[in-house]
Amino acid sequence: MATTTEDAAPPRAGQGPGAPAPRRPPRRLPLLPLIVTLVVALPVSLVCGVAFGSAGLSWGEVLRYLGAGLTGGTIESDEIAAYTIVWELRFPRALLAAVVGAGLSGIGVAVQAMVRNALADPFVLGISSGAAVGANAVLLFGALSGLGIWALSTAAFGSALVSMALVYAAARTPQGLTPLRLVLTGTAMYYGFSAVTTLMVFSAEHGEAARSAMMWLLGSLGGATWDSLPIAAVVVAVGLTHLMYSARRLNAMAMGDETAAALGVDARRLRGELFLSTAAVTGAVVAVSGAIGFVGLMVPHFARMLVGADHRRVLAVAPLLGAVLLVWVDILSRVLLAPVELPVGVITAVVGVPCFVLLMRRRGYTFGGA
């Protein structure tokens, strides 16, 4: 019997007997409905962040006090204590959690693209550990005490800028910043600053000061005030705006410097811009919340899983997803062992590690796409 050309052709990959079925591309969620869902979920989460806590308040009280604070309404004299809890303590804390979550998630996307490393996060540049040195100098030894409530944020942000300058000076070459040198330099600086921080903690004379320092190092939103919120919010908003503006160039850079150059993108210049943006946002966020880990590593991967690898889509989703996530993490940190408050970084690690492992074992998922 004659054999046709089609019959004689060798079986294609995945078509032979016993070969595994070809993988289907993972489904991506429509972008607009997902954004709308997250936009609706965020204010709901903020209200829950105000309502839940060790001091029991009804939903009606929470909504009424929030309305009075937002519109300048009046309250009864016997409601001042409850109103203070809602408006002066819980609401700025919930807003700060959203700002920090959005900032960490957005710059997590940028850092992973900048160094082309799936395990990179906002703290890989060593800036957070540098900020910890300044914060511990205030908490343990009373540095900058003349600045009052601004001492901690000022010291943390100032030392973050110093660490940024050191990393930049050590990693920069005549050809600019390269991904490998950034990762290696940032990692080395991280361990160096962490050693200084540990030495400071062991040198402290007061145990309570050391406890406060450790709480800050593990991440805490307990110090949120209306005074500390605007600066962090503005820096995060500017940083995220720059990232959205650079989304197309991020797509090119993620494919390699040579490919980016062929597409008309100067990867070295873009990497320098991203370094400054991520350093500023990381410093501002760490200054008000401490070192909250895992958010900037985990959320970008979940965003890619939901909407694909295009940075225009990822950066539209990741900040909203991170904001909602960290609001609920902060709620858990306050209610799990109430009235004792857990460090936020502990909750993000406990929740994030198993979720991240399951994500990595998910069939068909790799960094940057399917």
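Before any of the text, the structure's been laid out above.
So, a few notes on the structure that sits alongside this text. (Residues numbered from 1 in each chain as written. Predicted model: local features only at pLDDT ≥ 70, side-chain atom pairs only at ≥ 80, totals over all residues. Heavy atoms only, no water.)

### Side note on the overall build of the chain
Helix and strand counts for the chain stand at 15 helices and zero strands. Burial statistics for the chain: of 370 residues in total, 48% are counted as buried. In the chain, the proportion of contacts linking residues at least 24 apart, taken out of those at least 6 apart, comes to 76%. If you sum the accessible surface of the chain, you get close to 18000 Å²; carbon and sulfur atoms cover 66% of it. (Helix = DSSP H or I, 4+ residues; strand = E, 2+ residues; numbered from the N terminus. Buried < 20%, exposed > 50% of the residue type's maximum accessible area, 1.4 Å probe, protein only. Contact = heavy atoms within 4.5 Å. Areas by Shrake-Rupley, 256 points an atom, 1.4 Å probe, with all protein chains shown as cover.)

### Describing the environment of Ala 165
When you line up the elements, Ala 165 lands in helix α6 (residues 151-171). Judged by relative accessible area, which is 42%, Ala 165 ranks as partly exposed. C-alpha separation for the pair Ala 165 and Leu 276, spaced 111 residues apart in sequence, amounts to 9.6 Å.

### What to know about the packing of aromatic side chains
All chains considered together, the criterion is met by eight aromatic pairs. Between the aromatic rings of Phe 52 and Trp 328, the centroid separation amounts to 6.3 Å while the plane-to-plane angle is 55°, which identifies the pairing as tilted. With a gap of 276 residues between them, Phe 52 in the loop between α2 (31-51) and α3 (59-71) and Trp 328 in helix α14 (residues 311-335) connect regions that are remote in the sequence. Overall, the relative accessible area of 34% leaves Trp 328 in the partly exposed class. Between Trp 87 and Trp 226, the aromatic rings sit 5.1 Å apart at their centres with planes inclined by 35°, giving tilted as the arrangement. In this pair, Trp 87 sits in helix α4 (residues 80-115) while Trp 226 sits in the loop between α8 (207-217) and α9 (229-245), placing the two residues 139 residues apart along the sequence. Its relative accessible area of 27% is what places Trp 226 among the partly exposed residues. Each residue in the set Phe 52, Trp 59 and Trp 328 is aromatic and connected to the rest through ring pairs, giving one cluster. (Phe/Tyr/Trp six-rings, centres within 6.5 Å; stacked < 30°, edge-to-face > 60°.)

### Some words on unusual backbone geometry
A positive phi angle, near 80°, is found at Phe 294, a position not held by glycine. Counting through the fold element by element, Phe 294 comes out in the loop between α12 (267-289) and α13 (295-307).

### A short note on the nonpolar core
In terms of nonpolar packing, the biggest core is built from 79 residues, with Leu 96, Val 100, Met 114, Leu 182, Leu 274 and Phe 275 touching the most fellow members. In terms of residue count, the dominant contributor to this core is α4 (15 residues). Excluding its chain neighbours within four sequence positions, the residues that come into contact with Val 100 are Leu 221, Val 285, Val 288, Ser 289, Ile 292 and Leu 326. Counting twelve residues, the second largest nonpolar core, distinct from the first, contains Val 50, Ala 51, Leu 57 and Tyr 65. (Core = buried A, V, L, I, M, F, W, Y, C linked by side-chain atoms within 4.5 Å.)

### Some remarks on helix α5 (residues 127-141)
The terminal C-alpha atoms of α5, which comprises 15 residues, lie 21 Å apart, in line with the 21 Å expected from a rise of 1.5 Å per residue. Roughly 25° is the biggest bend found in α5, and it falls at Ala 135. Most of α5 sits out of view: 13 of its 15 residues are buried. Downstream of α5 by a residue or two, Gly 142 has a phi angle that is positive, lying close to 70°. (Expected span 1.5 Å × (residues − 1). Bend = angle between axes of the 7 residues up to and from the residue.)

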